[in-house]
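Listed below are the residues making up each chain.
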Amino acid sequence: MEAYAIAKGVRIAPRKARLVIDLIRGKSVAEADKILRNINKEAARLSRKVLVSAVANAENNLGLNKSDLVVKEAVVNEGQTMKRMRFGSRGHVDPIKKRTSHIKIVVSDNK
């Protein structure tokens, strides 16, 4: 059985978040949690929140045991992009793209 959690509109660029998510894909939940706790990146903190939520969904909604769970799927999709402008000298304008992400983690007991 599978349980999942999604965080939408997270204020981090998908390219940065994918670097962290790639480290936990296919690992057991305990090992993935250790990895995320020891990485000094904002994406690790945000991904850990989603992982903890997915594990809680598996335990409470499906009655699964935490020690049996593995990270079956972990993806980061692109969210909305906030477009801002930065004004420079002589009327020059540079666009600034503030990217957001959708982080989805699926945990399963492989049964």
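See the structure printed just above.
All figures in this text were calculated on a predicted structure; none of them were measured in a lab. (Residues numbered from 1 in each chain as written. Predicted model: local features only at pLDDT ≥ 70, side-chain atom pairs only at ≥ 80, totals over all residues. Heavy atoms only, no water.)

(A) The arrangement of the side chain of Ser108 in detail. Looking at the element boundaries, Ser108 is found in strand E3 (residues 93–108). Side-chain polar atoms of Ser108 contact the backbone oxygen of Met1, separated by 3.4 Å. Here the side chain of Ser108 touches Asn110 through a polar contact of 3.1 Å, landing on its backbone nitrogen. Leaving out residues up to four positions away in the same chain, Ser108 has contacts with Met1, Glu2, Asp68, Leu69, Val70 and Lys72. (Helix = DSSP H or I, 4+ residues; strand = E, 2+ residues; numbered from the N terminus. Polar contact = N/O pair within 3.5 Å; in protein donor to acceptor, adjacent residues only side chain to side chain. Contact = heavy atoms within 4.5 Å.)

(B) Molecular detail of the sheet that holds strand E2 (residues 70–87). The strand order across the open sheet formed by three strands is E1-E3-E2, and the pairing between neighbours is antiparallel. Of all strands in the sheet, those with a lone pairing partner are strand E1 (2–10) and E2, marking the two edges. Sheet twist, expressed as the average angle between the axes of neighbouring strands with direction ignored, equals 15°. Sitting on the sheet, helix H1 (residues 14–24) touches E2 and E3, and the angle it makes with E2 is about 170°. (Pairing = 2+ DSSP bridges. Axes fitted to C-alpha atoms, helices over the stretch in contact; angles between N-to-C directions.)

(C) Summary view of the nonpolar core. Formed by 28 residues in total, the largest nonpolar core has its most connected members in Ile21, Leu51, Leu69, Ile103, Ile105 and Val107. Only E1, H1, helix H2 (29–38), helix H3 (42–62), E2 and E3 provide two or more residues apiece to this core. Per element, the largest residue contribution to this core is eight residues, and it comes from H3. Among residues more than four places away in sequence, those in contact with Leu69 are Ser28, Val29, Val55, Ala58, Leu64, Val107, Ser108 and Asp109. (Core = buried A, V, L, I, M, F, W, Y, C linked by side-chain atoms within 4.5 Å. Buried < 20%, exposed > 50% of the residue type's maximum accessible area, 1.4 Å probe, protein only.)

Keep in mind these numbers describe shape, not what the thing actually does.
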